Amino acid sequence: MNLPFDVAAYLDASLLSAATTLGLTERGFDPEVRVADPAHGDFQANGALAFAKREKLNPRAVAQQIVDSLDELRERFDISLAGPGFINFRLKPAALLAWLQAYDSEAHLQSGAAHAHAGQTWVVDYSSPNTAKQMHVGHLRSAVIGEAICRLLEFTGAKVIRDNHLGDWGTQFGKLIYGYKRWVDDEALLTEPIEELERLYKLGHAATPDGSPELEEARRELVQLQSGDPKNVALWKKFSDVSLAAFEQIYGRLGIHFDHNLGESFYNDQVERIYRELTETGLAQVSEGALVVFHPEHPRFAKQPFLIRKADGASNYASTDLATALYRTEHFKADGIVVVTDFRQGDHFEQLWLTARKWFAAKNYRVPALHHVTFGAVTGEDGKALKTRDGDVIKLKALLDEAEDRAFALVTAKSPDLPEAERREIARTVGVGSVQYADLAQNRSSNYVFSWDKMLALDGNTAPYLLYAVTRIHSIFRKAGLDPSTPPVTGASPPETPQELVLARKLVQFADAVQLATSQLRPHFLCLYLFELAGAFSGFYAADKVIVDAPAVRARRLLLCHRTLIVLETGLHRLGLRTLERM
Ligand code: ARG
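A brief look at the structure comes next. Because the structure is predicted, anything quoted here is derived from the model rather than measured.

A word on helix α2 (residues 47-55). Among all positions in α2, only G47, A48, F51 and A52 are buried. Considered in projection along α2, the buried side chains sweep an arc of 115° and stay on one side of the axis. On the buried face of α2, the contacting elements are β2 (43-45) and α3 (59-67). K56 occupies a position one or two residues after α2 and carries a positive phi of about 55°.

The biggest cluster of nonpolar side chains holds 137 residues, and the ones touching the most others in it are F89 and W99. Looking at this core, the element that brings in the most residues is helix α6 (residues 137-155), giving eleven residues. Every residue in contact with W99, bar those within four places of it in the chain, is listed here: L3, P4, F5, V7, L109, L507 and V508. Residues I274, Y275, L283 and L352 belong to the second largest nonpolar core, which totals 31 residues.

Between helix α18 (residues 463-479) and helix α21 (residues 524-543), whose axes approach to 10 Å, the crossing angle comes to 40°. If you check the angle between α18 and α21, you find them oblique. As α18 runs across α21, the sense of the crossing is left-handed. For the pair α18 and α21, contact is made by Y465, L466, A469, R472, I473 and I476 and by L530, F531, A534, G535, F537, S538 and Y541, respectively. Tallied by class, residues from the contact of α18 with α21 come to ten nonpolar, two polar and one charged.

With that out of the way, let us pick up helix α12 (residues 271-280). For α12, the full list of buried residues reads V271, I274, Y275, E277 and L278. Remark: G282 follows α12 within two positions and exhibits a positive phi of approximately 75°.

Our next topic: the site of the ligand. For the ligand, the full set of nearby residues is D125, S128, N130, H139, H165, Y317, D321, V339, T341, Q345 and F349. Between N130 and the ligand, the recorded distance is 2.9 Å, taken from a side-chain N or O atom to a nitrogen atom. Between Y317 and the ligand, the recorded distance is 2.6 Å, taken from a side-chain N or O atom to a nitrogen atom. Relative to its unbound accessible surface of 350 Å², the ligand loses 89% to contact with the protein. Mapped by element, the contributors of at least two residues to the shell around the ligand are α13 (317-330) and β10 (336-342). Partitioned by chemical class, the residues of the shell around the ligand number three nonpolar, six polar and two charged.

So, on to the pattern of salt bridges. Applying the stated criterion across every chain, the model contains 35 salt bridges. A salt bridge links E32 to R34, with the shortest nitrogen-to-oxygen separation between them at 3.5 Å. For E32, a relative accessible area of 22% puts it in the partly exposed group. Notably, a salt bridge pairs R253 with D401, separated by 2.9 Å at the nearest N-O pair. One end of the pair, R253, is in helix α11 (residues 230-254); the other, D401, is in helix α15 (residues 396-414), with 148 residues separating them in the sequence. A single salt-bridge network, built from bridges that share partners, covers E496, E500, D544, R556 and R557.

Here is what the cut-offs are and how they apply
- Numbering of residues starts from 1 in every chain and runs along the sequence as written.
- Local features are withheld for residues below a pLDDT of 70 in this predicted model, meaning they are given only at 70 or higher, and side-chain atom pairs are given and counted only at 80 or more; totals for whole chains, interfaces and linings count all residues.
- Computation of side-chain values: all heavy atoms of the structure, hydrogens and water removed.
- Partly exposed residues are those whose accessible area sits between 20% and 50% of the maximum for their type, while under 20% is buried and over 50% is exposed, using a 1.4 Å probe and protein chains only.
- Helix and strand labels come from DSSP, where a helix needs a run of H or I of at least four residues and a strand needs a run of E of at least two; each type is numbered from the N terminus.
- The arc under discussion is defined with respect to the helix axis, by the directions toward the C-beta atoms.
- Two residues form a contact once any of their heavy atoms are found within 4.5 Å.
- The set of buried Ala, Val, Leu, Ile, Met, Phe, Trp, Tyr and Cys residues whose side-chain atoms join them within 4.5 Å is what this entry labels a nonpolar core.
- Each axis is a line fitted through C-alpha atoms, and for a helix only the stretch in contact is used; angles between axes span 0 to 180 degrees, taken between their N-to-C directions.
- Orientation is classified from the angle alone, with under 35 degrees giving roughly parallel, over 145 giving roughly antiparallel, 65 to 115 giving roughly perpendicular, and any other angle giving oblique.
- Helix crossings get a hand from a simple test, with the near helix turned counterclockwise from the far one by less than a right angle marking a left-handed crossing and a clockwise turn marking a right-handed one.
- The classification used treats Ala, Val, Leu, Ile, Met, Phe, Trp, Tyr, Cys and Pro as nonpolar, Asp, Glu, Lys and Arg as charged, and all other residues, Gly among them, as polar.
- Proximity criterion: a residue is near a molecule or strand once any of its heavy atoms comes within 4 Å of it.
- Each polar contact in these results corresponds to two N or O atoms within 3.5 Å; when the atoms are within protein, one needs to be able to donate a hydrogen and the other to accept it, and residues that are neighboring in sequence are counted only if both atoms are side-chain atoms.
- Method for areas: the Shrake-Rupley scheme with a 1.4 Å probe, in which residue coverage is limited to the protein chains shown.
- One speaks of a salt bridge when a side-chain nitrogen belonging to Lys or Arg is within 4 Å of a carboxyl oxygen belonging to Asp or Glu.

Here it is in structure tokens:
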């Protein structure tokens, strides 16, 4: 009796086919299968209500008619009708057992999940900091959320292209070159490159006040860069290279590897085509010397222009982003594009996507799914923007170092007997994982209050709690002298005790958590699920002894332990965290 990975999708398909036989589908019946309140069942189908209302029928009678035609599902589910016309499904213990037996490794969970985006290519643009500047906490949020989204899309079958869209072009480079040519400290450029570039930009800026001959000189440097002067181009290239090398250190600690670093400069010579096509298709018009796009159907963008070429003829963020959308569509043949930035770029991306959709449709280009994934600001516990005590920006390297130091203290308190080198290694995983998880665990749309104590707590929806749950299951196997890669689970009987049943049902719902997190591009749904799963495991482990004499009972409890382990590990890996065997 095998059962597919995604039981809700399976029920949805079964109900749809029953409804088709009954002639309801052609009248617009949609089963609407969801995870149910555990008091009523595992899943419920609500579709009879909306359908009956529309068709002026008795919803309970419609639901009953469907229930009566679901005979082949009864082997696996207890089916009942409730309220005005809900259909409830509860998996039978034998069906739960069959699901648990089938999904026995991270690879099998993956092959079960790899349908929603199978055959699709998605480009994810995340982190995307500006060169010659420190990455700030916003870029860290974007990196963490973006990487989780990449891994969720991959898990559900997509080919993912990770693209770091560096802010590496703009007028600031004139002043930076001006400062560099006069005051560069070569030693500092090697040891603290970004700090040195920031210092040089500040010097360059201060030395070139408005109207001064020095400013004219900085402008000449910029013009030379833009017209391809080899010396200035080489300098600009160096700024990008040293910046990227510094960023890579942070990415390495977060387990992030970009496939491309196609920054704004890459698109600089592709903007003429954008102006031409948007003008040809009638989408863009000249207004006060600038090229702009209006969206007459939109409450705000009917009047608020999307400026795609400045009055002085220069390109801007909108022109390069339009070229970027086109390149991803044509060159990568993207089915979906995701850009992860903070909420303040909301208007820009709304106008960008509106424009791109109309333009691509007018030119008969493919129109990918276009998503702007936003997140709220990061604040300290005082509600103010996160800064150091002296009011400087937080350096990300220092932030990750502090996370590891704090995690080291935590691990040392918990397991003082482990050798120091191992405690350091564990602290690296727990420290960075805590920063990642704290960011992922809450709805990304909210502002995020940065709190060391909360993110490192061993209780609650935190990385330490979940990583600890993983190590606890490893230790069950270790103490019993068993290898968790070959758990002795043959001959397991179906789950039976209340706690076994709660845990088994929760495990089957992994598919729904993945589906929800991926379709909404909101990793917190998966975090919440993993937290609840760990809770269900604790309940089970407190109530039911695992290593008992009765072989069938022992095998099924080891099965539950093992499947909890692989679901927790798989989930955490999909969020971008590493896991541990001991801590
Ligand atoms: N560089 C921008 C920033 O630091 C983010 C770029 C996001 N990607 C894009 N295609 N606009 O805010």
